[in-house]
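Take a look at the letters that make up each chain.
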Amino acid sequence: MFDKITKFMDEKLSTPMAKLAEQRHLRAIRDGIIATLPLIIISSMFMVIAFLPNSMPQEWTFTQFIMENQARILMPYRVSMYIMTLYAVFGIGYSLSVSYDLDGLTGGILSELAFMLTIIPKSMPVITESITNLASSNQELSNYISDLPQGFVLPMGSLGSSGMFIGILVSFFAVEIYRFTQKSGFKISMPEQVPSSVARSFEALTPTAIVLIVISIITMFIGIDLHKIISNLVSPLIKATDTLPSVIIVIVLSQFFWSFGIHGWSIVGSLARPLWLVLLESNTTAFVNGSEIVNTAAEPFYQWFVMIGGSGATLGLAILFTFRSKSTYGKALGKTAIVPSIFNINEPMIFGAPIVLNPVLIIPFIIAPLLNGIIAWIATSLGLVNHVVASAPWTLPGPIGAFLACGNDWRAAVLSVILILLSVAIYYPFFRMYDKKLLEEESED
């Protein structure tokens, strides 16, 4: 029976899912967003530092220093994660261009141009003479006016997660225009003697003109608000992503594919990561502004409460192999896998046990993260732990990562420990059966 299921998965699902994960547009989204992860992780740590006073004694000199300089400490976050779409768009355009064997740099720049053209600059109101006269007798008002920017300003919110989906779409548009001009020959070609960098610049004139004119007409002359339209379209999808049924579906699909050797998290993440980033950035912005945080199922939620030790919450299994195994192979595997598992690297466990195509271990491999996700969702929804607001480095041990991701909430670290113990309990009966089998095989040899 299990052999038939394995054959079906390999023939009917494995190849189509692998092709889906490598579809050039989905891969471009994945590559572009993953390229922003260093910015997101490092800037998240600045945010964590800025709000350390919330969990430290107020009388400490260090605490007072942070409170006095909080705005400056948050500035790196505001020009990195807060406007992450600005960076992701370049990566998406670059990756998609390279997949077409086009110049990645040109594709990235064209995508950036297309995205920026969707954001209409706002003109600051003119300071009238009556306001100036009023300010002359009010020093506070005078200081406020002097600090106001002049001319045109860009709404920074559109550069962040709220602009992610329009950024993805216009990146595709820009690169496809670039591809069309290159393949059709509708471009300015230079002699071979001209340096390649100069030749590329002239070849990019035609797609640049098309992208600039078309999007400018739509947004700045006709006045169509693309950001509002796309926001209205994807808003139900974002809300659906932040539900318990969605969390359950994501976990089950990811683990199901992994069980048959397909990188489930890569497939699911390619589709869901833009939505997860919107949820995370919304939480982060609310946290910085002191507003209510409402989203639960951002990607760090899965990282620190569901997949503790890696996909399948395999830290629990690694602990069992290390301290409870009676077979020689199990003991050796435990010693090899326990340290990587603590730092969320579980390939030694997945392929060493192995879990893939193992009918005994597949069951807890799916059940453990599923129960972790349900319990963590309930705990977060009830306010027993804070919502995730930061993306901590994924190689941190679970409790530490959970503490940082939830804005220095010690309860998140406690919940992480509880979930690790739960995964140990879930894996235990299946581990005993499998270890007994290994011991019997070793005795026969």
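Small disclaimer: the values here were computed from a predicted structure and weren't measured.

Draft legend 1. The nonpolar core, seen in detail. The biggest cluster of nonpolar side chains holds 113 residues, and the ones touching the most others in it are Met164, Phe301, Tyr302, Phe305 and Met349. Of all the elements, helix H15 (residues 264-289) adds the most residues to this core, at 12 residues. For Phe301, the contacting residues outside a window of four places in its chain are Val247, Thr296, Val306, Gly373, Ala376, Trp377, Thr380 and Val388.

Draft legend 2. Focus on a nonpolar patch on the surface. A cluster of nonpolar side chains, namely Ile120, Leu212, Ile213, Ile217, Met220, Phe221, Ile222, Ile224, Ile229 and Leu233, defines an oily patch on the protein surface of about 920 Å² accessible area. Elements that contribute at least two residues to the nonpolar patch include exactly helix H12 (205-221) and helix H13 (226-241). Counting residues per element, the nonpolar patch draws most heavily on H12, at five residues. Inspection of the secondary structure puts Ile229 in helix H13. On the accessibility criterion, Ile229 (41% relative accessible area) is partly exposed.

Draft legend 3. Spotlight on the pattern of salt bridges. In total, this model carries four salt bridges according to the counting rule given. Residue Arg30 is joined to Asp31 by a salt bridge in which the shortest nitrogen-to-oxygen separation is 3.6 Å. The shortest N-O distance in the salt bridge between Arg179 and Glu176 comes to 3.5 Å. Remark: Glu176 and Arg179 occur in helix H10 (residues 164-184); sequence separation between them is three residues, near one turn of the helix. Classification of Glu176 as partly exposed rests on a relative accessible area of 25%.

Draft legend 4. Representation of unusual backbone geometry. Backbone torsion omega between Ala353 and Pro354 reads -15°, so that peptide bond is classified as cis. Along the chain, Pro354 falls in the loop between helix H19 (347-352) and helix H20 (359-381). Of note in the backbone geometry, Asp101 takes a positive phi value of approximately 60° without being a glycine. Relative to the assigned elements, Asp101 resides in the loop between helix H6 (84-99) and helix H7 (104-117). The exposure class assigned to Asp101 is exposed, which follows from its relative accessible area of 72%.

Draft legend 5. Expanded view of helix H18 (residues 328-342). With 15 residues, H18 ought to run about 21 Å at 1.5 Å a step, and its terminal C-alpha atoms sit 22 Å apart, in line with that. A bend of about 30° at Thr336 is the largest found in H18, and the proline Pro340 appears one to four places after it. Gly330, Leu333, Gly334, Ala337, Ile338 and Ser341 are the residues of H18 that are buried. Positive backbone phi, at 65°, marks Asn344, one or two positions downstream of H18.

Draft legend 6. Layout of the packing of aromatic side chains. One pass over the full model with this rule turns up nine aromatic pairs. Ring centres of Phe90 and Tyr94 lie 6.5 Å apart, and the angle between their planes is 25°; on these two criteria the pair is classed as stacked. Of this pair, Phe90 and Tyr94 both sit in helix H6, four residues apart, roughly one helical turn. Joined through ring pairs, the aromatic side chains of Trp276, Phe301, Tyr302 and Phe305 make up one cluster. The cationic tip of Arg78 hangs over the ring face of Tyr82; the distance from NZ or CZ to the ring centre is 6.0 Å.

Draft legend 7. Seen up close, the confidence of the model for the protein. Model confidence for the protein is summarised by a mean pLDDT of 87, while 94% of its residues fall at 70 or above. When the elements of the protein are averaged for pLDDT, helix H1 (residues 2-21) gives the smallest value, 59, and H7 the largest, 95.

Draft legend 8. View of the environment of Ala272. Relative to the helices and strands, Ala272 resides in helix H15. Residue Ala272 is classed as buried on the basis of its relative accessible area of 10%. Between the alpha carbons of Ala272 and Val250 there is a distance of 8.8 Å; along the sequence they are 22 residues apart.

Draft legend 9. Highlighting the environment of Ser201. Within the secondary structure layout, Ser201 lies in helix H11 (residues 196-203). Using a relative accessible area of 46% as the deciding quantity, one classes Ser201 as partly exposed. Expressed as a C-alpha distance, the spacing of Ser201 and Ser189, which sit 12 residues apart in the sequence, is 10.0 Å.

Draft legend 10. Just the layout of surface pockets, in detail. Of the volumes computed, that of the largest pocket is approximately 820 Å³. Along its surface, the largest pocket is lined by 30 residues, and Trp265, Arg273, Glu299, Gln303 and Trp394 are the ones closest to its centre. For the lining of the largest pocket, the secondary-structure elements that each account for two or more residues are helix H2 (24-34), helix H3 (37-50), H15, helix H16 (299-306) and H19. For the lining of the largest pocket, a count of residues per class yields 17 nonpolar, nine polar and four charged.

Draft legend 11. Quick look at H3. Look at H3: 20 Å from first C-alpha to last across 14 residues, which is about the 20 Å you get at 1.5 Å a residue. Among all positions of H3, only Ile40, Ile41, Ser43, Ser44, Met45, Met47, Val48 and Ala50 are buried. Where H3 is buried, its residues meet helix H4 (61-68), helix H5 (70-78), H6, H15 and helix H21 (398-405).

Draft legend 12. Fine view of the side chain of Glu281. Secondary-structure assignment places Glu281 in helix H15. Among buried charged residues, Glu281 stands out as having no salt bridge; its nearest opposite-charge side chain is Arg78, 8.0 Å away. A polar atom in the side chain of Glu281 sits 2.6 Å from the side chain of Ser161. Discounting residues that sit within four places of it in the chain, Glu281 has contacts with Tyr77, Met81, Tyr82, Met84 and Ser161.

What counts, and at which threshold
Residues numbered from 1 in each chain as written. Predicted model: local features only at pLDDT ≥ 70, side-chain atom pairs only at ≥ 80, totals over all residues. Heavy atoms only, no water. Core = buried A, V, L, I, M, F, W, Y, C linked by side-chain atoms within 4.5 Å. Buried < 20%, exposed > 50% of the residue type's maximum accessible area, 1.4 Å probe, protein only. Helix = DSSP H or I, 4+ residues; strand = E, 2+ residues; numbered from the N terminus. Contact = heavy atoms within 4.5 Å. Patch = residues over 30% accessible without salt bridge, like charges linked within 9 Å, V, L, I, M, F, W, Y side chains within 5 Å. Areas by Shrake-Rupley, 256 points an atom, 1.4 Å probe, with all protein chains shown as cover. Salt bridge = Lys/Arg side-chain N within 4 Å of Asp/Glu carboxyl O. Expected span 1.5 Å × (residues − 1). Bend = angle between axes of the 7 residues up to and from the residue. Phe/Tyr/Trp six-rings, centres within 6.5 Å; stacked < 30°, edge-to-face > 60°. Lys NZ or Arg CZ within 6 Å of the ring centre and 35° of its normal. pLDDT = per-residue confidence, 0-100. 1 Å grid on protein atoms, 1.4 Å probe; cavity = no way out; pocket = protein on both sides within 12 Å on 5 of 7 lines; lining within 4 Å. Points joined across faces, edges and corners; volume = space filled by probe spheres on them. Nonpolar A, V, L, I, M, F, W, Y, C, P; charged D, E, K, R; others polar. Lys, Arg positive; Asp, Glu negative; His and termini not counted. Polar contact = N/O pair within 3.5 Å; in protein donor to acceptor, adjacent residues only side chain to side chain.

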